[in-house]
Amino acid sequence: MQLPAAPGALTPALLAIPVVFGINGATSLADSPLALMLTGVLVLAGLISIIFVSGGNHFQDPLFCVFVVFSFTSVVDLLISLEEDGYISGFMEVYVREGEPYLRTAHGIMICYWDGIVHYGLYLAMIAAIGQRKSYRTLGLFWLGSLMMSIVVFLLGNLIGKYSSDLSPAFLLNLPYVLIPIWAGVRLFQQPKALPCLSPEKVADEQRKRLYQRPQDMGLVLVLLLTAAFTFFRGMVVLDCPADSCFEYIYQHEPYLRDPVAYPKVQMLIYMFYVLPFFCLCIYGLVLPGCSWLPDWSLVFAGAVAQAQFSHLGSSLHARTPFPYQTPEDVWWSFLFTNVLYALGPQLLAYRCLRCPAFFLPATPASLHVGKKHQ
């Protein structure tokens, strides 16, 4: 004869029923791309509402909210990259599989690493600067170029590459990454610049120097010329130029440019049509004095090229890239040297503009006139 179970023995089983149904319901929702998109929107909306409810003097600068929300998404991107590379498991598998499968590509993993490490560090630094009422304009311009390059290449590659047929409603979660940085960029450029304390005589002396009297600038011009030539060459390569040198390069040096995911092709075309003209303008700004626009835009393009080259280098060598499109081992060193040098040029230019800005200042800054009147 079987004895009846004690009343308390049924409690765990009864409690497990709603838990099981809850888990099954969450799993079924996670399998829906639309549900994934709505969940992401709700999480972001909840985070923004928490920020506004908390109040404080930080809201005198609306970019504080942008950096806080984007720092949350940076952590999510870092989890995605770590899970795709096998360091962790069970966090973002459903979202990546059902919502954005293109994040499983080598390029997707690389941009997630960059966003989760570099962008996250920039967000924390800018949030701290806002809390201390310090200027973060320099960091902000570098972040602006980096984020815009990342999202533009990513979106265009998804639209024209082999994953164009797999786009889901979760793809719309990337739209804020286009609209918000444009608005943030306008606000960053509107922030006042920190004018250096330089006398008119020192500015005039610096601007009277010819290019041959400035060996560091001569070196930068040479690096920019080589970088511009390499930019044009790789642009012609992805445009299927029939020259033998282009054919040899794309098959023996950078076969990743042929990858059907289309990210490398989009990247090279953006280099050719946008970055190449800027390199020419930079050479002009290093030859003729008074180009006050160069320091700000050099920071934007430094961030853009740094992000692009990190993603391109990492994707070319990543195991997730199909073997026929990976960089051959016998050209690794030449490939690394040329691409690292390509990334280094804009960084050196931005550093030069920040360290010695006298050559790029107007000949008679308004602040100097004001100082003379007070004397």
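For the structure, check the block above.
Residues numbered from 1 in each chain as written. Predicted model: local features only at pLDDT ≥ 70, side-chain atom pairs only at ≥ 80, totals over all residues. Heavy atoms only, no water.

Colleague: Where do I start with the environment of K134 in this structure?
Modeller: For K134, the position within the fold is in the loop between helix 5 (106–131) and helix 6 (137–160). Of the polar contacts made by the side chain of K134, one reaches the side chain of Q132; its length is 3.2 Å. (Helix = DSSP H or I, 4+ residues; strand = E, 2+ residues; numbered from the N terminus. Polar contact = N/O pair within 3.5 Å; in protein donor to acceptor, adjacent residues only side chain to side chain.)

Colleague: I would appreciate a short explanation of the pattern of salt bridges in the present structure.
Modeller: A side chain of one charge can pair with a side chain of the opposite charge when the charged atoms of the two come close. Summed over the entire model, instances satisfying the criterion amount to eleven salt bridges. In this structure, D296 engages K193 in a salt bridge whose closest nitrogen and oxygen atoms are separated by 3.3 Å. Of this pair, D296 sits in helix 12 (residues 294–317) while K193 sits in the loop between helix 7 (176–190) and helix 8 (200–208), and the two are 103 residues apart along the sequence. Two residues, R214 and D217, come together in a salt bridge whose shortest N-O distance is 2.4 Å. (Salt bridge = Lys/Arg side-chain N within 4 Å of Asp/Glu carboxyl O.)

Colleague: What should I look at first to understand unusual backbone geometry in this one?
Modeller: We note that R133 has phi near 60°; this positive angle belongs to a residue other than glycine. In this structure, R133 sits in the loop between helix 5 and helix 6. Residues other than glycine seldom take positive phi values, yet A262 does so here, at roughly 75°. Its location among the elements puts A262 in the loop between helix 10 (244–252) and helix 11 (263–287).

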